[in-house]
Amino acid sequence: MDEPAAGPSPASASSVRGQAAGEPVSGPSVGDGAGGKPSAAGGTSGWPLVRGLPAAGTSAAGPQPGPVRAEGASATGGADTGEPTGGGPPAGNPPATSRAGIAGLPLGQQLTAALALALAALAVAAHLGLSFLHVAPSNTMSKQYADAIDAWIYPEFEQNWKLFAPNPLQQNVAVHARAQVRGEDGQRRTTDWIDLSALDGEAIEGNLLPSHTEQNELRRAWDFFVGSHDAQNQPNGLRGTLSGEYVRRIVVMRLERLQDEERDGRGGTVERIQVRAATTNVAPPSWSGETVDLNPSYRQLPWWSVTEDDRPLDAAGDTRARSDRTEETP
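None of these values were measured; they are calculated from a predicted model.

Our focus in this paragraph is the nonpolar core. Counting residues in each nonpolar core, the largest one holds 22 residues, and the members touching the most others are Trp222, Val251, Leu255, Val270, Ile273, Val275 and Trp304. Residue assignment for this core shows that the elements contributing at least two residues are β1 (171–182), α6 (212–227), α7 (238–261) and β4 (269–281). In terms of residues, this core owes the most to one element, α7, which gives six residues. What Trp304 contacts, discounting residues up to four positions off in sequence, is Phe225, Gly244, Val247, Arg248, Glu271, Arg272, Ile273 and Val275.

If you want it as structure tokens, here you go:
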């Protein structure tokens, strides 16, 4: 006949009751009736503090496997004070952190950086101020410093507000040119008017990456010329003279290129050129009921004689193309 299983010992039962009542309870030593073994320190390791009743299916008697340490005790058996026991920085002042930015530079470099930033801020403020005076309505300050404002703005920072003006530009302006060409036989002939703006439009149409010169060179040159000449095509100061030379060189370069390509079937040397602008009003929409004159109006310049300085550089890029050169006709 099997003997009944022995119940918990009186010591274990008292430990459980004491834990339930909130009293600190120390369990029996490993060697007390549990077959415990002496610890490595020569004594017997103690039971951990009981935090609650044993879970179902677990034994209340017997230690848990693995190293167990009572809460609040250090690994060496002493009280845990919360201070690190291993290696680490020694107690004392924390290491100084390095400063970032200008503050981390030596004093001399700090002064240099501060001076550079101050000069940059001053330059930006001056540019914004001059740009504002340039686009603002005419006032006392813009009139007094008009020369300084124009010298700063033109030509790099020129402003154009036609798109946002109360009356946007509603005209198409095309630049035409013709030339007097001396042929191989020594005879001079005058070409027909060539629409240079239309040639630029052909080069741009359908091109995903059009050239900047094809889009703006001729157009901007003509705007430059018109803005620096009066109605009689007389230049207004040095800018007017410069704009005339600029337009003349662009036209000569393009006409000589056409001669090289033999658009008209004949070669020759360009000796004189003439330029005109054809201005045509944009047709209004059909629903507006507005009527405008769609016939082009022309502004025609006098004949210009082509000099060596007006000709493009030759293939070598170091000398001007000779004025007496001729093209071979196949």
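Next comes the rest of the write-up.
Moving on: the packing of helix α2 (residues 107–135) against helix α4 (residues 146–153). Where α2 meets α4, the axes come as close as 10 Å, and the angle between the chain directions of the two elements is 110 degrees. The angle between the axes of α2 and α4 places the two elements in the roughly perpendicular class. The crossing of α2 and α4 is left-handed. On α4, the residues touching His127, Leu130, Ser131, Leu133 and His134 of α2 are Ile149, Asp150, Trp152 and Ile153.

A few words now on the side chain of Gln274. Within the secondary structure layout, Gln274 lies in strand β4. Engagement of the side chain of Gln274 in a polar contact is seen with the side chain of Arg178, the distance being 2.8 Å. At a separation of 3.3 Å, a polar atom in the side chain of Gln274 contacts the side chain of Trp303. If sequence neighbours within four positions are ignored, Gln274 has contacts with His176, Ala177, Arg178, Trp193, Gln300, Leu301, Pro302 and Trp303.

Among the 13 residues in β4, ten count as buried, and that is most of the element. Bridge count between β1 and β4: twelve bridges; the pairing is antiparallel. The partner of Arg182 across the bridge, within β4, is Thr269. Sheet topology places β4 next to strand β6 (residues 304–305); two bridges connect them, and they run antiparallel. Looking at β6, one finds that Ile273 is bridged to Trp304. Where β4 and strand β5 (residues 297–300) come together, four bridges link them in antiparallel fashion. The residue bridging Arg276 from the neighbouring strand is Gln300, located in β5.

On to a nonpolar patch on the surface. A grouping of Ile102, Leu105 and Leu117 is seen on the molecular surface, where their side chains present a nonpolar patch of about 240 Å² in accessible area. Owing to a relative accessible area of 53%, Leu117 belongs among the exposed residues under this scheme.

Turning our eyes to something else, we now look at the pattern of salt bridges. Applying the stated criterion across every chain, the model contains eight salt bridges. Of the charged contacts, one joins Arg254 and Asp200 as a salt bridge, the two residues approaching to 2.7 Å between their closest N and O atoms. With Arg254 in helix α7 and Asp200 in helix α5 (residues 196–204), this residue pair connects regions lying 54 residues apart in the sequence. Residue classification places Arg254 among the buried residues on the basis of a relative accessible area of 9%.

Basis of the calculations
Residues numbered from 1 in each chain as written. Predicted model: local features only at pLDDT ≥ 70, side-chain atom pairs only at ≥ 80, totals over all residues. Heavy atoms only, no water. Core = buried A, V, L, I, M, F, W, Y, C linked by side-chain atoms within 4.5 Å. Buried < 20%, exposed > 50% of the residue type's maximum accessible area, 1.4 Å probe, protein only. Helix = DSSP H or I, 4+ residues; strand = E, 2+ residues; numbered from the N terminus. Contact = heavy atoms within 4.5 Å. Axes fitted to C-alpha atoms, helices over the stretch in contact; angles between N-to-C directions. Parallel < 35°, antiparallel > 145°, perpendicular 65-115°, else oblique. Left-handed = near helix turned anticlockwise from the far one by under 90°. Polar contact = N/O pair within 3.5 Å; in protein donor to acceptor, adjacent residues only side chain to side chain. Pairing = 2+ DSSP bridges. Patch = residues over 30% accessible without salt bridge, like charges linked within 9 Å, V, L, I, M, F, W, Y side chains within 5 Å. Areas by Shrake-Rupley, 256 points an atom, 1.4 Å probe, with all protein chains shown as cover. Salt bridge = Lys/Arg side-chain N within 4 Å of Asp/Glu carboxyl O.

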